[in-house]
Amino acid sequence: REPLISLAIAFRVQSSCNITLNMRLFRQLLLSSLALLALSSSQTTTVVSAETTDAVRFDSKHIIFFAGPHRADVSGVENFFHHWVTSGWRRGHPNNLALRYWRWPTPEDDYYGAEVFGELMKQHNNATLNKDIMVSIENFWNESENGVIIGSELFDQVGRNARYDAMTPMNKIVDILKQPDANVTVILNYRTPRIEQWLSIWKANDPNVTYTEFMCKSYHNPEDPDLKKVRLSQLAASMNGLNAALNFLKRGWKVKLIDLHGVHDTNRDVTHVIGCEILMGQCEDGFIAKHDKFRTPDEEVPDIGLDVGETEARKVEELFRFRDCGYEPLFQPYVDSSQLEIMYKDNIWADCVPGRKEIYSNLANADEVIYTALLSQVDCASLGIEVHDGIITMDEALSISGNVNHNEHHGGKLEAFFNNIVVPLVFMGAIAYMAFYLYKKRQNEALNRRAANTGRSDLQAAASRMQQTTMSAEMT
């Protein structure tokens, strides 16, 4: 509107007033007004032609697992889909239309809310609760068009040091719904800076303890000797979504790994990325229709205070990044086959360099090394806790070399020699020893029986002789 007004004023001044206007100035004003008019028109056109995509109905049904991991924009995602994917008390709401072909299963007694699927891990021995959850999954699957989305941050509990077992209930769900691996997709978020996720886990674990207490009391705690296992699980599973992803890929499922930094850098939101680009719901400019104002709440970033200095904090970031780099070559075959898609790739593996491949490989799944490296940074002595001198420190972990990687994916030559040669030899030796021991035992038992029988015969003979002697004496 403003360009048109400027142009009208220019013509009016030129034609109606008795003022001589410099023609060059007039032409400049005219050209400027036309340019502004064109820009204004193009901006208006952009707004009018906003991209709208309708919800897509798939040719076959799919199982979608959202597996966290912990403190990686998880709660907001779970709460949104629990509320707005057609289910339970929200059924029939017009704001459900965008994701109308999907279901987020909800048991009849929805007392766990969005966290219900986590109970499959926490209460795995509760047969009644497990049955209720499985029945709801099956029922909502049957009424859906595209399938179900099932989410819990506890689905990240995968690996030898995980506190819970996520694979068993996930496999059970796939078996109950009788779906091939090709129809199963697992979504995982990747949060950076990595230290922010770790500090969020610390505060979520117990907001009333300092970081030093969080680490040191897990090393030696007579009141809770299992606390170290909890801390190892947080490092091995909650902080290591890449290990969970690798296990899902090996299981044959598809994985969508979302780099949250890349999502934020493009002014997107992870909930809408899932809804629009994975579930293929009805969206406008990349945001779920009727929910374009919703934004996934950011995770808290606690202040570590004076427990760890700035230099040591940078080393914490490097430690987790180095470990993540160890998974890059393991993932490449799955990327090449399109079984794994890294969405909005930005920060993941951005700092990996070829010269450190051995360090990266040694840290992948070296859970105890990660634990002791972090422990070495804090002053446990101030709490009266003595830490063993032989632990691997942070500086040692960041430069660790040699075949020291004892993990479930791959190992060094020494580990292979130990596992493939020494262990079998010891095992066979033990079997041979047991066989020899049993043979000698039976042999000794046989000799003892013969000796006993011989002894009994001798006694009987002696008794007979004594009896005959006695009878002879009486007759005499």
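Residues numbered from 1 in each chain as written. Predicted model: local features only at pLDDT ≥ 70, side-chain atom pairs only at ≥ 80, totals over all residues. Heavy atoms only, no water.

A. Summary view of helix α12 (residues 270-278). Here α12 lies mainly inside the structure; eight of its nine residues are buried. Within α12 the residues assigned to the buried category are Val270, Thr271, His272, Val273, Ile274, Gly275, Cys276 and Ile278. The backbone nitrogen of threonine 271 lies 3.0 Å from a side-chain oxygen of the residue at the head of α12, namely aspartate 269. Phi turns positive one or two residues past the end of α12, at methionine 280, with a value near 55 degrees. (Buried < 20%, exposed > 50% of the residue type's maximum accessible area, 1.4 Å probe, protein only. Helix = DSSP H or I, 4+ residues; strand = E, 2+ residues; numbered from the N terminus. Polar contact = N/O pair within 3.5 Å; in protein donor to acceptor, adjacent residues only side chain to side chain.)

B. Highlighting the confidence of the model for the protein. Averaged over every residue, the pLDDT of the protein is 82; the share at 70 or more is 72%. Low confidence marks residues 469-476, where pLDDT is under 50. Its contacts with residues over four positions away, or in another chain, come to zero contacts. (pLDDT = per-residue confidence, 0-100. Contact = heavy atoms within 4.5 Å.)

C. How the structure looks around the state of the cysteines. Tallied over the full model, the rule gives three disulfides. Each disulfide pairs two cysteine sulfurs, and for cysteine 216 the partner residue is cysteine 380, the sulfurs being separated by 2.0 Å. Between cysteine 216 and cysteine 380 the sulfur-sulfur dihedral comes to about -85 degrees; the bridge is accordingly left-handed. Here cysteine 216 is found in helix α8 (residues 211-219), whereas its partner cysteine 380 is found in the loop between α16 (367-375) and α17 (394-397), with 164 residues between them in sequence. Residue cysteine 216 is classed as buried on the basis of its relative accessible area, which comes to 0%. (Disulfide = S-S within 2.5 Å.)

D. Quick look at the pairing of strand β2 (residues 62-66). Taken across its five residues, β2 has five buried, putting it largely inside the fold. Here β2 pairs with strand β4 (residues 147-151) via five bridges, running parallel. Within β4, the residue paired with phenylalanine 65 across the bridge is isoleucine 150. Pairing geometry for β2 and strand β5 (residues 184-190), over four bridges, is parallel. Bridged to phenylalanine 66 within β5 is isoleucine 187. (Pairing = 2+ DSSP bridges.)

E. Inspection of the pairing of β5 at higher detail. Burial within β5 is extensive, with seven of its seven residues counted as buried. Note that β5 and strand β6 (residues 254-259) share six bridges and pair parallel. Of the residues in β6, the one forming a bridge with tyrosine 190 is aspartate 259.

F. The packing of helix α10 (residues 241-251) against helix α14 (residues 328-336), seen in detail. At a minimum axis separation of 11 Å, α10 and α14 run at an interaxial angle of 40 degrees. By the criterion of interaxial angle, the relationship of α10 to α14 is oblique. Read as a crossing pair, α10 and α14 show a hand that is left-handed. Taking contact as the criterion, the partners of Leu242, Ala245, Leu246, Leu249 and Lys250 in α10 are, on α14, Leu330, Phe331 and Tyr334. Partitioned by chemical class, the residues of the contact of α10 with α14 number seven nonpolar, no polar and one charged. (Axes fitted to C-alpha atoms, helices over the stretch in contact; angles between N-to-C directions. Parallel < 35°, antiparallel > 145°, perpendicular 65-115°, else oblique. Left-handed = near helix turned anticlockwise from the far one by under 90°. Nonpolar A, V, L, I, M, F, W, Y, C, P; charged D, E, K, R; others polar.)

G. Seen up close, the environment of valine 335. Locating valine 335 in the fold gives a position in helix α14. Here valine 335 is in contact with Leu340 and Ile342, once residues within four sequence places are set aside.

H. Representation of the nonpolar core within the structure. Of all hydrophobic cores here, the largest spans 114 residues; its most connected members are Trp198, Tyr211, Phe248, Ile274 and Leu374. Not counting chain neighbours up to four residues away, the residues in contact with isoleucine 274 comprise Phe66, Val77, Phe81, Ile149, Ile187, Ile258 and Leu279. (Core = buried A, V, L, I, M, F, W, Y, C linked by side-chain atoms within 4.5 Å.)

I. Looking closely at the layout of surface pockets. For the largest pocket, the calculated volume is near 410 Å³. Among the secondary structure elements, those contributing two or more residues to the lining of the largest pocket are α4 (119-122), α7 (194-205) and α9 (227-238). (1 Å grid on protein atoms, 1.4 Å probe; cavity = no way out; pocket = protein on both sides within 12 Å on 5 of 7 lines; lining within 4 Å. Points joined across faces, edges and corners; volume = space filled by probe spheres on them.)

J. The arrangement of the environment of serine 144 in detail. Summarising the element assignment, serine 144 is placed in the loop between α5 (127-143) and β4. Since its relative accessible area comes to 6%, serine 144 is described here as buried. For the pair serine 144 and arginine 100, spaced 44 residues apart in sequence, the C-alpha to C-alpha distance is 8.6 Å. For serine 144, the contacting residues outside a window of four places in its chain are Lys61, Tyr101 and Arg103. At 2.8 Å, the side chain of serine 144 and the backbone oxygen of tryptophan 141 are in polar contact.

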